[in-house]
Each structure stands twice: as C-alpha cells, then as structure tokens.
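Fold and geometry: a report
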Amino acid sequence: MNSSNPFKNLKADFPASIVVFFVALPLCLGIAVASGADPFAGLISGIIGGIVVGVMSGSQIGVSGPAAGLAVIVLTAIGSLGFENFLVAVVLAGIIQILLGVLKAGIIGYFFPSSVIKGMLTGIGVIIILKQIPYFFGYIPPKDEGTFTAIATTFSEISLGNTLIAVIGLVILIAWTFLMKKGKIFQLVQGPLVAVVVGILFYVFLGDSETFAIANKNLVDVPVPESMDSFFGQFKFPNWTSITNPEVLITAFTIALVASLETLLCVEATDKIDPLKRVTPTNRELIAQGAGNVASGLIGGLPITQVIVRSSANIQSGGRTKMSAIIHGFFLLISVILIPTILNKIPLSVLAAVLLIVGYKLAKPSTFKNMWNAGWMQFVPFIVTIIGIVFINLLWGIGLGLAVGIVVILYRSFQNSHFLHIEDKSNGKHKIKMTLAEEVTFFNKATILKELDSLPRDTFLELDVRKTRFLDNDIIEILDDFSEKARNRNIDIKLISERGIVENPDSFIEFFQLRPKTA
C-alpha cells in the first residue's frame, strides 16, 4: 500500500465513502437524540470523526463518529451539567486520551476482563432500547423523567402516525439484514437510509392528516442557516468556568475510559476483518481519537470513538484506505449546509427504530446465552455489570463488574494454588502428593494451611515445587511451621524441586532462601 499517494485507491474508496455516509447520517442524528443533545451536535461529531480522526488515525479502514456506547454517559452528563459544561468534559477527555496514547497505554483494554467489557456493551444496548421505547411510540419524555416512568407513561400517550412509521422502519431494517445477502444493491443502499427516506415520505404525504399526524416536536430539529454567518452561529462552545467542577472532571475521566475501551475493541474487531490484514497502531489511535474529541468538544459536538457499524460497512463496501472515512466526513459537512430542511422532516420514531436495532446488536440474547454457557465465573461479573449500568449508571456498572471480577480471580487463585493426589497406603503410611501452582501468593494461605492441617497421622507427603516460579514468603513460613508439626504427627516430607530431592528438610525458610523465588 503506497501511503504517500492517498488517492491511489480512490476508485474503491469513493463508492465506499458514499455507503458509509448513508450509514452514518441516520446514526449521527439518532445517537444525538438518544444522548439528549441537539441533532446538530451528532452531525458535528460525525464530521470531526471522519475528517480530523480520519487524517490522524493509523487505521486504514476504521471510521469514527458519535458512538451508541457513550449515549448513556452523555445523556446523564448533559442532564446534570448542562451542555456547555459538558463540552468542557469532552475536551478534557480528549486530552486524557492523547496523554494515554503518548504514555503508550494502547494496551489498556487488556486489563479489563472480557466479561466486564461484554457486560458494558450489553448494558449500554439495554439502556438504548429502554430509552428509545417512548420515542418509538411518539412520546417525548421530559428530561427529568426516569426511564421506567417514561415507558409506563408512553402507553397512555401513543401516537398512531409515529408508531406506524416506526414499525414500518423496523420491518425495513430487519428485512434488510436478509436482503443484503441477496444482491450488491442491498449492500450499497443501507437499511437505515431506506428507513429514514420512507419516514420522510410518510411525513410529507401523511404527516398533516388527522389520523396519522406527526407533530413538529416528533421531528429532527437541525438549525437551518440563512447565511454562512448564521451557520457558524449554530456552534456552541465550552463554559471554561466549570473546569474545576469535580463532576466535570469525573465525566471527563469516564468518557476517556469508555471511549478508549470502545475504540480499542473496535480496532481489534476491524483489524480481524480487514481483507489486507493490516494492524492498527493502538497508541496512535488513542492520540487521534483524543484530538477528535478535543476538536468536537471545542465546537459543540459529542464524544467520538471508532465505530464498528461504520467500519464494517466501509470494509464490506470495498474501502481500502482512510480516504473513504475522510470523504464521508466531507459528505456529512455538505449535508449539514445544503439539506437541513430535508433532515428536519425525519420523524424521531424512525430514528428510534434504527437505534432499537443498534441496541439489539449490542445486547443480543445470544450474548447472554454464551456467557451463561461459559460458566458462573464469566456470567456473574457480566450480569452484575449490566444490572449496575441499567439501575445506577455506567461508571458504577463497570466498577461493580470489576469488583466482582477481582473476587472471582481471587477465588480462582484460592482454588488453583495446588493439586492433591492421594494414593493407597504403602509401608503403613498414606501417600499424598501435593503439587504447587506456578504462582502461589498469600491469597492461597488459607487453602494450603487447611490441606496441611487435615493430613492424617502417619502420612508420607510428597511436595513438588518444580513448576513453581513464585512462592510468597507467607507460604514458606506456613511450610516451615508445618515441618515442626509433621515430626510430632509422624508425617514424612519429601521436597522435590529443580535442585533435587530433600527428605524431611530441617528448614523450609533456609531452603527457599537459597533457591530463587522467581525464575
């Protein structure tokens, strides 16, 4: 790939950019609505994600923009901070991401258990579904109304016109997943775009009818500029006086953490499906995403991540280099300038249908089934993370999931400190072989002490430490104390190590001081 000539693959990148634009446009609008922000803010972040991040990123096929995974955080933050204060958090989050990239923290994703990450994405999917149910039926809940209260109120506020076009849109989206396998035209023209176009036509021809009326409050509301001055006047800017607000700082950290995790997960996924098997430099990607979030926050946009939906659409459409992502950003910019009146004819219920599919893809029933089949050690952190996100907030959900994950690790460490094998009596003594694990820490004190104290009198114990590369001093002291008890209970000990075999060692402490504890 000749990176010095960005236009070399334009024949493949240009058509792919059109497809990505058609995928991104409804998602930018829908995610902004789901985030409690103006649709214009979603378009700004889509433009920045395409152009700024596209230019700086080392990913050739990844596409960035506003992400469904951040919608819950953004919705909560805007509600508690106000939009201008929230923008400060977005800028700070971008700076944190840049620092993470400079400090080569691109491996941060590996420090979170997969069960917690999957729980995070699934929990976000559940929240998106719950939040979009009122919009699907044409009810616009007040910003201070709780999620479950809004759902309960929805069923007494159902609008026939909004519900009908939402159902039609949902049917189109579901049908499109099957039609995409039937021909290239269904891959080129994406389902979300078709659903949005049908929604616009429905509003134009039936929106004013008595039966299927769709009120203005149920439509996208993008400002329509009368001149370039009024266009630039739409942008909102951070309120820097709130930079010392602790809630702003916590929001910034949360956005930086979740956005980085979601980006790194997307990078891993897109690299796997890249036909040319290129590897994205993760540290450079964090810097690019950080720069994008700084730029987006400075002019009134939403937080940005690399997005798997757009990235996979780019790959499926034949995109070869980052030019497809960059060009799609310019297409979004042109649409904001030239067709805002058309965008304002999109019913919010259609965007809710699009987001229901997005939420479903994040929270598939098969994910619950797979995690259950993986065993309780995977399922418990997974489900705790989801419950925390749905009933408290995202940061609490991740924290609770991590806490449970750590407990599971400690329990597993407690279980796996050693292996016992009991043989029949020989020479009048029970023969028991205890093999210590590769790493034995103070977490294993209780289980090893319990096993040693439960050994019957007149036992022959074979203690094998040949595989052990780290042995905590607490464990050595337990063994040393046991050697005294063993003599009183007629227990013979054979210690097998890489240095040889020792019968009834006088002092375990002296032995392991001579033997390196770590390999």
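Look up a bit, the structure's there.
What you are looking at is a predicted structure, and each value in this text was computed from that prediction instead of being measured.

This part takes up the overall build of the protein. Scanning the protein from N- to C-terminus turns up 22 helices and nine strands. When its C-alpha atoms are laid out on the principal axes, the protein stretches across 95 × 60 × 55 Å. Scored against the burial criterion, the 519 residues of the protein give a buried share of 52%. Nonlocal contacts in the protein, meaning residues at least 24 apart in sequence, comprise 78% of its contacts between residues at least 6 apart. If the 40 positive side-chain charges of the protein are averaged to one point and the 37 negative ones to another, these points end up 9 Å apart.

The terminal C-alpha atoms of helix α16 (residues 348–362), which comprises 15 residues, lie 21 Å apart, in line with the 21 Å expected from a rise of 1.5 Å per residue. The secondary structure elements touched by the buried residues of α16 are α1 (10–34), α5 (114–136), α7 (160–179) and α9 (191–206).

Positive phi values are uncommon outside glycine, yet asparagine 490 reaches one of about 55°. Positioned with a positive phi, asparagine 504 is a non-glycine residue whose angle comes to about 45°. Within the element layout of this structure, asparagine 504 appears in the loop between β9 (500–503) and α22 (508–514). The partly exposed category is assigned to asparagine 504, whose relative accessible area is 35%.

Together, Phe148, Ile387, Phe391, Ile392, Trp396 and Leu400 give the surface a local cluster of nonpolar side chains, amounting to about 630 Å² of exposed area. Mapped onto the nonpolar patch, the elements with two or more residues apiece are α18 (376–391) and α19 (394–415). Locating isoleucine 392 in the fold gives a position in the loop between α18 and α19. Judged by its relative accessible area of 48%, isoleucine 392 is partly exposed.

We now examine the side chain of threonine 280. On the secondary structure map, threonine 280 appears in the loop between α11 (246–273) and α12 (282–298). In terms of polar contacts, threonine 280 uses its side chain to reach the side chain of aspartate 271, at 2.9 Å. In this structure threonine 280 touches Gly58, Ser59, Val267, Asp271 and Glu285, once residues within four positions along its chain are discounted.

Turning to its location among the elements, aspartate 464 is positioned in strand β6 (residues 459–464). Since its relative accessible area comes to 5%, aspartate 464 is described here as buried. Taking the C-alpha atoms as reference points, aspartate 464 and threonine 435, 29 residues apart in sequence, are found 4.7 Å from one another. Discounting chain neighbours no more than four positions away, the residues touching aspartate 464 are Lys433, Met434, Thr435, Leu436 and Ile496.

What follows concerns the pattern of salt bridges. Enumeration over the complete set of coordinates arrives at six salt bridges. For aspartate 274, the salt bridge goes to arginine 278, with nearest N and O atoms at 2.9 Å. The shortest N-O distance in the salt bridge between glutamate 462 and lysine 433 comes to 3.9 Å. With glutamate 462 in strand β6 and lysine 433 in strand β4 (residues 429–436), the pair connects residues that are 29 residues apart, well separated along the chain.

Further remarks concern the packing of aromatic side chains. With the rule as written, the count across this model stands at 12 aromatic pairs. Measuring from centroid to centroid gives 6.0 Å for phenylalanine 83 and phenylalanine 86, while their planes differ by 40°, and the two rings are tilted. Placement of the pair is phenylalanine 83 and phenylalanine 86 together in helix α4 (residues 83–102), with a separation of three residues, close to one helical turn. Here phenylalanine 83 and phenylalanine 86 have matching classes, each one buried. An angle of 70° between the planes, with centres 5.2 Å apart, marks the rings of phenylalanine 136 and phenylalanine 137 as edge-to-face. Owing to a relative accessible area of 7%, phenylalanine 136 belongs among the buried residues under this scheme. Through a chain of ring-to-ring contacts, the aromatic side chains of Phe368, Trp372, Phe379 and Phe382 assemble into a single cluster.

Analysis parameters
- Residues numbered from 1 in each chain as written.
- Predicted model: local features only at pLDDT ≥ 70, side-chain atom pairs only at ≥ 80, totals over all residues.
- Heavy atoms only, no water.
- Helix = DSSP H or I, 4+ residues; strand = E, 2+ residues; numbered from the N terminus.
- Buried < 20%, exposed > 50% of the residue type's maximum accessible area, 1.4 Å probe, protein only.
- Contact = heavy atoms within 4.5 Å.
- Lys, Arg positive; Asp, Glu negative; His and termini not counted.
- Charge placed at Lys NZ, Arg CZ, Asp CG, Glu CD.
- Expected span 1.5 Å × (residues − 1).
- Patch = residues over 30% accessible without salt bridge, like charges linked within 9 Å, V, L, I, M, F, W, Y side chains within 5 Å.
- Areas by Shrake-Rupley, 256 points an atom, 1.4 Å probe, with all protein chains shown as cover.
- Salt bridge = Lys/Arg side-chain N within 4 Å of Asp/Glu carboxyl O.
- Polar contact = N/O pair within 3.5 Å; in protein donor to acceptor, adjacent residues only side chain to side chain.
- Phe/Tyr/Trp six-rings, centres within 6.5 Å; stacked < 30°, edge-to-face > 60°.

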